[in-house]
Amino acid sequence: MQIDLQTLWYLTVGTLLVSASLILWERQAHPGRARVLGVLAAALFAFVLGCMLAMNLSHFPVALGMGAINILMMLGYLLVLNAVAGLDGQRYFWSSVVALSFLAIAWAIAGTHFPAAFWNHVSSVPIALTCGVTAWRLLRSRTVQRLRSRPIAVSISAFHALFYLGRAFIAPVLLQRYGQDIISIVGKVTMYEAVLYSVAMPMSFLMIIREEEKLHLLHMSQTDQLTGLANRHAFFEQASRILRGRHGNPVSLLAFDLDHFKAINDHYGHPTGDRVLQLFAKIACEEAGPDALIVRLGGEEFAALLPRCDHSQAFSRGSAIATRFAKAAARAEGLKIRATVSIGLAASDCYDLAEMLASADGALYRAKALGRNRVEAAEQSELLIHPQAYPMHRQLRLASTA
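Just so it is clear, the model here is predicted, and its values are computed rather than measured.

J.: Sorry, what's going on with the overall build of the chain here?
T.: Counting its regular elements, the chain contains 14 helices and 5 strands. Its C-alpha atoms give the chain a radius of gyration of 32 Å, more than 25% over the compact-globule value 21 Å for 402 residues. The burial tally for the chain puts 48% of its 402 residues in the buried class. If you sum the accessible surface of the chain, you get close to 20,400 Å²; carbon and sulfur atoms cover 62% of it. A gap of 6 Å separates the mean positions of the 36 positive and 28 negative side-chain charges of the chain.

In structure tokens, the structure reads:
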């Protein structure tokens, strides 16, 4: 079935209006992304205005009408670029103003003399460049980098850029070889591609927004809000995956319990207790190593799974965490209190997380029974801090919360 060019223009306008309506509807569900979705909707409306002007081109002087259409279309592509940049909190406002101004001047100077060449070939270059930059921004975007929809969005903008590069540099060669008939064919192919782009580009953007929201909600459900660490649910899920993929490498587990934490809350107040928890979480993350999976199991209980870490390395890291935490709590502005941690260590070839936790927990309770402020290993008992380091007369007498 043959579709004439005017029908293709109507079809493009219709798909753009539907896509813009969907974007505006989705904008209400994603207030955090309302601005970028609003910019994208504005881009689609700019395309609509350009298409409607093109459909009524006969009512305007040729050079003026073609120039206005090209500028409106470029405005749409620049707004798409700004929407993509907005995902990372950036924008190209002044660059867009300069690009549109340069294009307007080019049409005023050369477009009036060579309107057909500008319309069919030259005007495709800035569109191709803008779409190319859009694809590059999507490829490099911090926000989009971890999303499954990223390759689709990049491919759509990259293909659109390549298509318009072909219009700019391949179409003139075909024109010389096959004559003016090729212009009509190129026009129809352009409109077919425009219909596909007007659907695919907005839908890929919505995929990005929805997938980003889904990952954010998943992260929130697996994160302890006070400390920013993984919560118990995330720990069991991720730790089991680490144990299954260890491939014979050692894995160690440290179980932590802040000493006399209930007494700290009772004596200094819960805000101070929260600061102690946050301080410990920060120190544990810094000292446990970049590969460590650290979790707040609940209350004042924490754990750290240490991939590729044997018994002695885990003991050393646990000692460093305990020593630094005690010193930091005593010196921290607004705290300056006596706060220590008891640690249980399990290091074995075990692939069962529950068994490792049970072993580390047993060692932890032994550390508490032996006086707290120490590391105890499941295989053998080792003292972390010698009693001489904190004489009994200098210790803050707090109630036991083992």
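J.: So what exactly am I meant to see when it comes to unusual backbone geometry here?
T.: Peptide bonds are trans in most cases, and residues, glycine excluded, mostly fall at negative phi. Not every positive phi belongs to a glycine, and Arg-372 is a case in point at roughly 65°. Locating Arg-372 in the fold gives a position in the loop between helix 14 (353–369) and strand 5 (375–377). You can call Arg-372 buried: its relative accessible area is 14%.

J.: Explain the packing of aromatic side chains to me, please; I cannot follow it from the model alone.
T.: Both the distance between ring centres and the angle between the ring planes are used here to describe each pair of aromatic rings. If you walk through the whole model with that rule in mind, you get 9 aromatic pairs. Pairing Phe-235 with Phe-236 gives two aromatic rings, centres 6.0 Å apart and planes at 80°, and the pair type is edge-to-face. On the basis of relative accessibility, which here comes to 0%, the residue Phe-235 falls in the buried class. Here Phe-236 falls in the partly exposed class, since its relative accessible area comes to 31%. For the pair Phe-280 and Phe-325, a centre-to-centre distance of 5.3 Å together with 85° between the ring planes defines the contact as edge-to-face. Highlighted residues: Phe-280 in helix 12 (residues 270–288) and Phe-325 in helix 13 (residues 311–331), separated in sequence by 45 residues. Per residue, the accessibility class of Phe-280 equals that of Phe-325, and both read buried.

J.: Is there a simple way to think about the pattern of salt bridges in this case?
T.: Two side chains of opposite charge can pair, provided their charged atoms sit close to one another. Under the counting rule described, the total for this entry stands at 13 salt bridges. The shortest N-O distance in the salt bridge between Arg-137 and Asp-88 comes to 3.3 Å. Remark: Asp-88 occurs in the loop between helix 3 (62–86) and helix 4 (93–111) and Arg-137 occurs in helix 6 (residues 124–140); sequence separation between them is 49 residues. Residue Asp-88 is classed as buried on the basis of its relative accessible area, which comes to 10%. Lys-282 is paired through a salt bridge with Glu-286; the nearest N and O atoms lie 3.0 Å apart. Remark: Glu-286 and Lys-282 occur in helix 12; sequence separation between them is 4 residues, near one turn of the helix. What you see here is one network of salt bridges that share partners, running through Lys-282, Glu-286, Glu-287 and Arg-324.

J.: Quick question: what am I supposed to make of the environment of Gln-238 here?
T.: Considering the arrangement of structural elements, one finds Gln-238 in helix 10 (residues 232–244). Between the C-alpha atom of Gln-238 and that of Arg-210, which follows or precedes it by 28 residues, the distance is 24 Å. Leaving out residues up to four positions away in the same chain, Gln-238 has contacts with Gln-222 and Leu-293.

J.: Explain the side chain of Ser-149 here, please?
T.: Within the fold, Ser-149 resides in the loop between helix 6 and helix 7 (150–169). Residue class for Ser-149 comes out buried when judged on its relative accessible area of 2%. Separated by 2.9 Å, the side chains of Ser-149 and Glu-211 make a polar contact. Residues within four places of Ser-149 in sequence aside, it is in contact with Met-207, Ile-208 and Glu-211.

J.: Explain the sheet that holds strand 5 to me, please; I cannot follow it from the model alone.
T.: Neighbouring strands of a sheet are bound in pairs by backbone hydrogen bonds; such pairs are parallel or else antiparallel. Reading across from one edge, 2-3-1-4-5 is the order of the 5 strands in this open sheet, with mixed pairing throughout. Strands with a single pairing partner mark the edges of an open sheet, and in this sheet they are strand 2 (293–298) and strand 5. Between one strand axis and the next, the sheet turns by 20° as a mean value, whatever way the strands run. In this sheet, strand 5 lies alongside strand 4 (residues 341–348) in parallel orientation, the contact comprising 3 bridges. If you follow Ile-343 over to strand 5, its bridge partner there is Val-375. Sheet strands touched by helix 13: strand 1 (251–258), strand 3 (301–307), strand 4 and strand 5. Its angle to strand 4, the strand with the most contacts, is close to 170°.

J.: Honestly, the nonpolar core in this entry has me stumped. Any pointers?
T.: What tends to happen in soluble globular proteins is that the nonpolar side chains get buried as a cluster. Core analysis: the largest hydrophobic core is formed by 54 residues, its most contacted members being Phe-47, Tyr-77 and Phe-205. Contributions of two or more residues to this core are made by helix 1 (5–29), helix 2 (34–55), helix 3, helix 4, helix 6, helix 7 and helix 9 (181–221). A per-element tally of this core places helix 2 first, with 13 residues. Apart from the residues within four sequence positions on either side, Phe-205 is in contact with Val-36, Leu-37, Leu-40, Ala-83, Val-84 and Leu-87.

J.: Would you explain a nonpolar patch on the surface in this entry?
T.: On the surface, a cluster of nonpolar side chains totalling about 620 Å² of accessible area is made up of Leu-162, Leu-165, Phe-169, Ile-170, Leu-174 and Tyr-178. Counting residues per element, the ones that place at least two in the nonpolar patch are helix 7 and helix 8 (171–178). With 3 residues, helix 7 is the single largest residue contributor to the nonpolar patch. Of note, Leu-174 is situated in helix 8.

Analysis parameters
Residues numbered from 1 in each chain as written. Predicted model: local features only at pLDDT ≥ 70, side-chain atom pairs only at ≥ 80, totals over all residues. Heavy atoms only, no water. Helix = DSSP H or I, 4+ residues; strand = E, 2+ residues; numbered from the N terminus. Rg over C-alpha atoms; globule rule 2.2 N^0.38 Å. Buried < 20%, exposed > 50% of the residue type's maximum accessible area, 1.4 Å probe, protein only. Areas by Shrake-Rupley, 256 points an atom, 1.4 Å probe, with all protein chains shown as cover. Lys, Arg positive; Asp, Glu negative; His and termini not counted. Charge placed at Lys NZ, Arg CZ, Asp CG, Glu CD. Phe/Tyr/Trp six-rings, centres within 6.5 Å; stacked < 30°, edge-to-face > 60°. Salt bridge = Lys/Arg side-chain N within 4 Å of Asp/Glu carboxyl O. Contact = heavy atoms within 4.5 Å. Polar contact = N/O pair within 3.5 Å; in protein donor to acceptor, adjacent residues only side chain to side chain. Pairing = 2+ DSSP bridges. Axes fitted to C-alpha atoms, helices over the stretch in contact; angles between N-to-C directions. Core = buried A, V, L, I, M, F, W, Y, C linked by side-chain atoms within 4.5 Å. Patch = residues over 30% accessible without salt bridge, like charges linked within 9 Å, V, L, I, M, F, W, Y side chains within 5 Å.

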